[in-house]
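Analysis of the macromolecular model
Listed below are the residues making up each chain.
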Amino acid sequence: MNDREKLARLNALLAAGLSLKAAERASETATIGGVLGRQYRLIRELCLSCGAAPALAMAELQAIAVGQAEADARLGLAAAMPKSSAKLVQWLPLAALLLGQVCGLGSLEVLFSSALAAISCVVGIVFLLLANIASTRMIAKAQMVQVDHSIALDAFAMSLRAGLSPAIAREKILQTFRKVFETEVSVDAKDEIARVISLSETTGAPIEKLLRARAIEIRFNLHQVLLQRFERLSVRLLIPLAIFVLPAFVFISVVPISISLLSKT
């Protein structure tokens, strides 16, 4: 049972009338890890300290987790293409070397009979290693995701629904967030809360609904940024692949095959 399923079981048990502690024991929520685990602990601690209804708060968290899982699946598909393309291109020089041997060009045999061919192959492998290092770093950089602080807006809305004043709710969220995530709420999240409060005071719109709508929008924008990053990565990967793989192709396949053909003439 994965973490999202544990949260779903917790919500089912809470809806069935069990207390929060009993539902937690039965659903093993203490083992929920990662970002979802921190989000869960944040909402849980605020529920206990603010007196908010855990059933509604956890149901909202589950909706966030489902949306996050769907977004992660899309991001995984978007990241798979540049990864597979990089690996495929990096294997082409070695595949060409093997194909030359299969076709009777002696591309492998010449490595044992010609020092120049062996040195050329070694140099090509070094270029392939450099291509792998460069592409791996670019992919890892594209996958880097900062902490999603939009959960602070959802927590703020939950605290207000529990009856806390905006000032008290804001202070509780800052303290609890710092304790759970071991970092401060981002300046952007604080500014978003301030803007939503100002908008609510100006328009008279319910602040809780404004906060949740804004949190949904922030998460959507974050996922769109990551998707665009992976789309650009497919193009940017061509640079290290062109710089390193093309010379590697020459050193690993073209040079040994050429030496083998010349030695037979």
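Summary of the structure given here. (Residues numbered from 1 in each chain as written. Predicted model: local features only at pLDDT ≥ 70, side-chain atom pairs only at ≥ 80, totals over all residues. Heavy atoms only, no water.)

1. Quick look at the environment of Ala-162
- Relative to the helices and strands, Ala-162 is located in the loop between α7 (151-161) and α8 (166-181).
- For Ala-162 and Gly-51, which are 111 residues apart along the polypeptide, the C-alpha to C-alpha distance reads 6.2 Å.
- If sequence neighbours within four positions are ignored, Ala-162 has contacts with Cys-50, Gly-51 and Ala-52. (Helix = DSSP H or I, 4+ residues; strand = E, 2+ residues; numbered from the N terminus. Contact = heavy atoms within 4.5 Å.)

2. Description of the pattern of salt bridges
- Using the criterion set out here, one finds 13 salt bridges in the structure.
- Here Lys-6 ties to Asp-3 by a salt bridge, and the two come within 4.0 Å at their closest N and O atoms. Separated by 3 residues within a single helix, Lys-6 and Asp-3 lie in helix α1 (residues 3-15), roughly one turn from each other.
- Note on Lys-6: relative accessible area 10%, which makes it buried.
- Here Arg-212 and Glu-60 are joined by a salt bridge, their closest N and O atoms 2.6 Å apart. With Arg-212 in helix α10 (residues 207-236) and Glu-60 in helix α4 (residues 54-102), this residue pair connects regions lying 152 residues apart in the sequence. (Salt bridge = Lys/Arg side-chain N within 4 Å of Asp/Glu carboxyl O. Buried < 20%, exposed > 50% of the residue type's maximum accessible area, 1.4 Å probe, protein only.)

3. With respect to the nonpolar core
- Within the largest apolar cluster, 43 residues are counted, with the highest numbers of intra-cluster contacts made by Ile-43 and Phe-156.
- Elements with a minimum of two residues in this core: α1, α2 (20-27), α3 (34-50), α4, α7, α8, α9 (187-203) and α10.
- The element that contributes the greatest number of residues to this core is α7, accounting for 8 residues.
- If you look at the next biggest cluster of nonpolar residues, it comprises 15 residues, including Ala-79, Ala-86, Phe-244 and Val-245. (Core = buried A, V, L, I, M, F, W, Y, C linked by side-chain atoms within 4.5 Å.)

4. A few points about helix α6 (residues 115-143)
- For α6, spanning 29 residues, the distance from its first C-alpha to its last is 42 Å, which sits close to the expected 42 Å at 1.5 Å a residue.
- Regarding α6, the residues found buried are Ala-117, Ser-120, Cys-121, Gly-124, Leu-128, Ala-131, Ser-135, Met-138, Ile-139 and Ala-142. (Expected span 1.5 Å × (residues − 1).)

5. Observations concerning the packing of α4 against α7
- Taken N-terminus to C-terminus, the directions of α4 and α7 make an angle of 160°; their axes are 11 Å apart at the nearest point. Considered as vectors, α4 and α7 are oriented roughly antiparallel to each other. Where α4 crosses over α7, the handedness of that crossing is right-handed. Only Ile-151, Asp-154, Met-158 and Arg-161 of α7 make contact with α4, whose side of the interface consists of Leu-56, Ala-57, Glu-60, Leu-61 and Ile-64.
- Across the contact of α4 with α7, the residue classes tally to 6 nonpolar, no polar and 3 charged. (Axes fitted to C-alpha atoms, helices over the stretch in contact; angles between N-to-C directions. Parallel < 35°, antiparallel > 145°, perpendicular 65-115°, else oblique. Left-handed = near helix turned anticlockwise from the far one by under 90°. Nonpolar A, V, L, I, M, F, W, Y, C, P; charged D, E, K, R; others polar.)

6. Examining the packing of α4 against α6
- One can describe the packing of α4 onto α6 by two numbers: an axis separation of 11 Å at closest approach and a directional angle of 180°. One way to sum up the angle between α4 and α6 is to call them roughly antiparallel. Contacts between α4 and α6 pair Ala-79, Lys-83, Ala-86, Gln-90, Pro-93, Leu-94 and Leu-97 from the former with Cys-121, Leu-128, Ala-131, Asn-132, Ser-135, Ile-139 and Gln-143 from the latter.
- Looking at the contact of α4 with α6 residue by residue, the classes come out as 9 nonpolar, 4 polar and 1 charged.

7. Quick word on α4
- In this model, α4 (49 residues) spans 67 Å end to end at C-alpha, consistent with the 72 Å of a helix rising 1.5 Å per residue.
- At Leu-92, α4 shows its maximal bend, which comes to roughly 35°, and the proline Pro-93 appears one to four places after that position.
- Of the residues one or two after α4, Gly-104 is the one with positive phi, at around 85°. (Bend = angle between axes of the 7 residues up to and from the residue.)

8. Quick look at a nonpolar patch on the surface
- Together, Leu-88, Leu-92, Phe-249, Val-250 and Val-254 make up an exposed nonpolar region whose accessible area comes to about 410 Å².
- Where the nonpolar patch is concerned, the elements lending two or more residues are α4 and α11 (238-264).
- At 3 residues, α11 tops the list of elements feeding residues into the nonpolar patch.
- Summarising the element assignment, Leu-88 is placed in helix α4.
- Accessibility expressed as a relative area gives 57% for Leu-88, which makes it exposed. (Patch = residues over 30% accessible without salt bridge, like charges linked within 9 Å, V, L, I, M, F, W, Y side chains within 5 Å. Areas by Shrake-Rupley, 256 points an atom, 1.4 Å probe, with all protein chains shown as cover.)

9. Focus on the side chain of Thr-176
- Within the element layout of this structure, Thr-176 appears in helix α8.
- Residue Thr-176 is classed as buried on the basis of its relative accessible area of 10%.
- Here the side chain of Thr-176 touches Lys-172 through a polar contact of 2.8 Å, landing on its backbone oxygen.
- Setting aside residues no more than four positions away along its own chain, Thr-176 makes contact with Leu-42, Glu-45 and Leu-46. (Polar contact = N/O pair within 3.5 Å; in protein donor to acceptor, adjacent residues only side chain to side chain.)

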